[in-house]
Each structure stands twice: as structure tokens, then as C-alpha cells.
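# Descriptive analysis of the structure
Here's the letter readout for the chains.
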Amino acid sequence: MNDFSAIGLKLTVPLFDGFKRKSQYTQTKLQRDNAVKNLELDKQSFNMEYRNNYTKMGKAQKSMAIDQNNIQLALSVFTSVNLQYQKGITDLTDWLNAQYSLREAQANYLNSLYNFCIAGIDLEKSKGTLLQFYKSL
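Residues numbered from 1 in each chain as written. Predicted model: local features only at pLDDT ≥ 70, side-chain atom pairs only at ≥ 80, totals over all residues. Heavy atoms only, no water.

Moving on: the nonpolar core. Grouped together as the largest cluster of nonpolar side chains are eight residues: Ile-71, Ala-74, Phe-78, Val-81, Trp-95, Ala-98, Leu-102 and Ala-105. Every residue in contact with Trp-95, bar those within four places of it in the chain, is listed here: Phe-78, Val-81, Asn-82 and Tyr-85. (Core = buried A, V, L, I, M, F, W, Y, C linked by side-chain atoms within 4.5 Å. Buried < 20%, exposed > 50% of the residue type's maximum accessible area, 1.4 Å probe, protein only. Contact = heavy atoms within 4.5 Å.)

This part takes up helix H2 (residues 92-127). Here H2 spans 52 Å end to end across 36 residues, near enough to the 52 Å set by a 1.5 Å rise per residue. Within the span of H2, buried status applies to Trp-95, Ala-98, Leu-102, Ala-105, Ser-112, Phe-116, Ala-119, Gly-120, Leu-123, Glu-124 and Ser-126. (Helix = DSSP H or I, 4+ residues; strand = E, 2+ residues; numbered from the N terminus. Expected span 1.5 Å × (residues − 1).)

On the surface, Tyr-114, Ile-118, Ile-121 and Leu-130 cluster together into a nonpolar patch covering about 340 Å² of accessible area. With three residues, H2 is the single largest residue contributor to the nonpolar patch. For Ile-118, the location among the structural elements is in helix H2. Looking at Ile-118, the relative accessible area reads 34%, which means it is partly exposed. (Patch = residues over 30% accessible without salt bridge, like charges linked within 9 Å, V, L, I, M, F, W, Y side chains within 5 Å. Areas by Shrake-Rupley, 256 points an atom, 1.4 Å probe, with all protein chains shown as cover. Salt bridge = Lys/Arg side-chain N within 4 Å of Asp/Glu carboxyl O.)

Turning to the packing of aromatic side chains, a few remarks are in order. Within this structure, the stated rule accounts for three aromatic pairs. Arranged with centres 5.9 Å apart and planes meeting at 45 degrees, the rings of Phe-78 and Trp-95 form a pair that is tilted. Here the residue Phe-78 occupies a position in helix H1 (residues 18-87), and Trp-95 occupies one in helix H2, the gap between them amounting to 17 residues. Taking relative accessible area as the criterion, Phe-78 reaches 15% and is therefore assigned buried. Between Tyr-85 and Trp-95, the aromatic rings sit 5.6 Å apart at their centres with planes inclined by 25 degrees, giving stacked as the arrangement. Separated by ten residues along the polypeptide, Tyr-85 in helix H1 and Trp-95 in helix H2 bring together distant segments of the chain. Through a chain of ring-to-ring contacts, the aromatic side chains of Phe-78, Tyr-85 and Trp-95 assemble into a single cluster. (Phe/Tyr/Trp six-rings, centres within 6.5 Å; stacked < 30°, edge-to-face > 60°.)

A few words now on the environment of Thr-26. Its location among the elements puts Thr-26 in helix H1. Taking relative accessible area as the criterion, Thr-26 reaches 39% and is therefore assigned partly exposed. Sequence separation between Thr-26 and Trp-95 is 69 residues; the distance between their C-alpha atoms is 79 Å. A distance of 2.8 Å separates the side chain of Thr-26 from the backbone oxygen of Lys-22, its partner in a polar contact. (Polar contact = N/O pair within 3.5 Å; in protein donor to acceptor, adjacent residues only side chain to side chain.)

On to the environment of Glu-40. With respect to the helices and strands, Glu-40 occurs in helix H1. In this structure, the C-alpha to C-alpha distance between Glu-40 and Ser-112, residues 72 residues apart in sequence, is 35 Å.

Honestly, that's just the spatial picture; any functional story needs more than this.
Encoded structure:
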């Protein structure tokens, strides 16, 4: 009886893979450097967004104060013109213009109040505290 069996083993050993390994290392290093630069850019972008929103908040607050003063001025003008109209000193056109100015000042104030609220929300969002702000309402 002749039984034959054979077992084979193939072993491959790369003799020269220095360029592949070096290129993988270089590519990984470049990816790491890109990630670090992107992180720095993101930090600067978030910082700039915060500063812009802080500035918008200040401008909206000033605009709201100016519009509130305009309401007071328009109200005093309307009160004066209304009194003059009741006494017959001024005509209907002046009275309507004063009333329109008062309504316009009120509308501008409401618009600046809305912009102030939006600026506050944007500021909280840029600080990363929007959820806490919402819960505090």
C-alpha cells in the first residue's frame, strides 16, 4: 500500500517595503496636521461668531433704546398736535401725520425689540448655552 500525503506552506516575506511604510507614515502625519489646523480654524470661527453676535446684541440694545426715545418724542408731538387740532389751530393733515409718526415709532420699537431677542438667542447659541437659556425661560 502506497499512501502519500503532502502538506504545503507558503511564506512570503517582503524584502523591501520601506517606501510603502514611509508613505503611510507621511500620509497619517499629514492627516493629523490637517485635523489640528481644522480644529484651530474651528476655534477661531466660533470665537469670531461669538464676537459678532456680542456686537449685534449691543447694536440691537442701542437701537431699542433709540426707538424707545423716538416713541416718547412722537407721543409728545402727537399730544401737542392733538391738543392743537382739538382747539382748531392745526388741520387734519398735521394730526394724521403726527398719528402716523407715533405708529411708525411704535412699529420700529417692536422691530428692534424682536431683533434684540433674536440677537440674544444667537449670542446664547454661539456661547453653547442655548439649552440652559431655554430652560431658564
